[in-house]
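# Observations on chain architecture
Here are the chains, one letter per residue:
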Amino acid sequence: MPLFYSKPRAVLAERHGNMSLTPTSDFSFAANTNSVPIVATELPMVCKNYPILFTDGAQTQMVALLGLRASENVMVDDKGNWAPGTYVPAYIRRYPFIFFENEDKSQYTLCVDEDAKTVVEGTENPFFVDGEPSKMTQGALDFCRDYQAHYAATAEFLKAISEAGLLVENRADATLADGRKLSLSGFKVIDETKFNELDDETFLAWRKRGWLHLVYCHFISNGNWNALIERTAMKTAN
């Protein structure tokens, strides 16, 4: 199952005709993860608040780092509030909705996590009105459709930097104010030296695709490590 989702079901009038989505800004569902996937169009906002990293695995993913410990998101407090003045990644704002694709990837279906606390019975913010998708449901469909398109475009960028050999293993070590040491590994970053050694043809091609900007956003995001360490120290103290 995708991160956060435990019971996604297709949004259907016969299934969700009497269901409603409670308007809320409670992000407690994201409190126990230290990273979330991000798409390329988010990088200008993400790079202001979070380190941008790349996961290691069969399919490279780009993520925003939300905490230094495996099950801790330092951006969410005990009441489920997101840190004021900081960007909330689209993957999180999309919840509890998500697109699921069929086997041949020719069709996508809007689904909702029925286990989400915000999915309740009622008509306050209904999924359907007179059997037709409500404004809320249509908005969720549009959001998921846009996200899926951006995800596909992001995959092209990730494939390009992987094939160019720019991603290298990295490790982060931090010491909190009380002397405790933390270590984070299992992620990759773009090697700046290798990036600067790209041939002119590749560099110009990436400029036309808008990919250079994404690389620079990644480099800028490295300045957020200290803020993340400070937030971790504050959360530990509380």
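None of the values given here were measured: they were computed from a predicted structure. (Residues numbered from 1 in each chain as written. Predicted model: local features only at pLDDT ≥ 70, side-chain atom pairs only at ≥ 80, totals over all residues. Heavy atoms only, no water.)

## Description of the nonpolar core
Heads up, the condition is: In this text, buried Ala, Val, Leu, Ile, Met, Phe, Trp, Tyr and Cys residues form a nonpolar core when linked through side-chain atoms within 4.5 Å. Burial classes: relative accessible area under 20% of the type maximum marks a residue as buried, over 50% as exposed, and values in between as partly exposed (1.4 Å probe, protein chains only). Helix and strand labels come from DSSP, where a helix needs a run of H or I of at least four residues and a strand needs a run of E of at least two; each type is numbered from the N terminus.
Judged by nonpolar contacts, the single largest core of 76 residues is most densely connected at Trp-82, Phe-97 and Phe-127. Here the element with the most residues in this core is helix H4 (residues 135-163); it accounts for eight residues.

## Here's the deal with the pattern of salt bridges
Applied cut-off: A pairing counts as a salt bridge when a side-chain nitrogen of Lys or Arg comes within 4 Å of a carboxyl oxygen of Asp or Glu.
A full pass over the atoms with the stated rule returns six salt bridges. In this structure, Glu-156 engages Arg-209 in a salt bridge whose closest nitrogen and oxygen atoms are separated by 2.5 Å. Of this pair, Glu-156 sits in helix H4 while Arg-209 sits in helix H6 (residues 200-209), and the two are 53 residues apart along the sequence. Among the salt bridges present, the one from Arg-171 reaches Asp-173, with a minimum N-O distance of 3.2 Å. Three or more residues joined by partner-sharing salt bridges are found here, namely Lys-7, Arg-15 and Glu-114.

## Looking at the sheet that holds strand S4 (residues 52-55)
Condition: When DSSP finds two or more bridges between a pair of strands, those strands are recorded as paired. An axis is simply a line fitted to the C-alpha atoms; with a helix, the fit covers only the stretch in contact. Between two such axes, the angle follows the N-to-C directions and lies from 0 to 180 degrees. Every residue pair with non-hydrogen atoms within 4.5 Å of one another is taken to be in contact.
Read across the open sheet, the five strands follow the order S3-S5-S4-S12-S11; overall the sheet is antiparallel. Two strands lie at the open edges of the sheet, namely strand S3 (35-37) and strand S11 (167-175), each paired on one side alone. On average, adjacent strands in this sheet sit at an angle of 45° to one another, irrespective of strand direction. Each of S3, S4, strand S5 (62-65), S11 and strand S12 (181-190) touches H4; the most contacted strand, S5, lies at about 100° to it.

## Digging into the sheet that holds strand S7 (residues 108-113)
If you trace the three strands from one edge of the open sheet to the other, you get S1-S7-S6, paired in antiparallel fashion. A strand with exactly one partner marks an edge of an open sheet, and here the two such strands are strand S1 (8-10) and strand S6 (97-101). Geometrically, the sheet is characterised by an average inter-axis angle of 45° between neighbouring strands, direction not taken into account. Pairing analysis gives five bridges linking S6 to S7, with the strands arranged antiparallel. Along S7, the bridge assignment pairs Ile-98 with Cys-111. Strands S6 and S7 of the sheet are contacted by H4, whose axis makes an angle of about 55° with S6.

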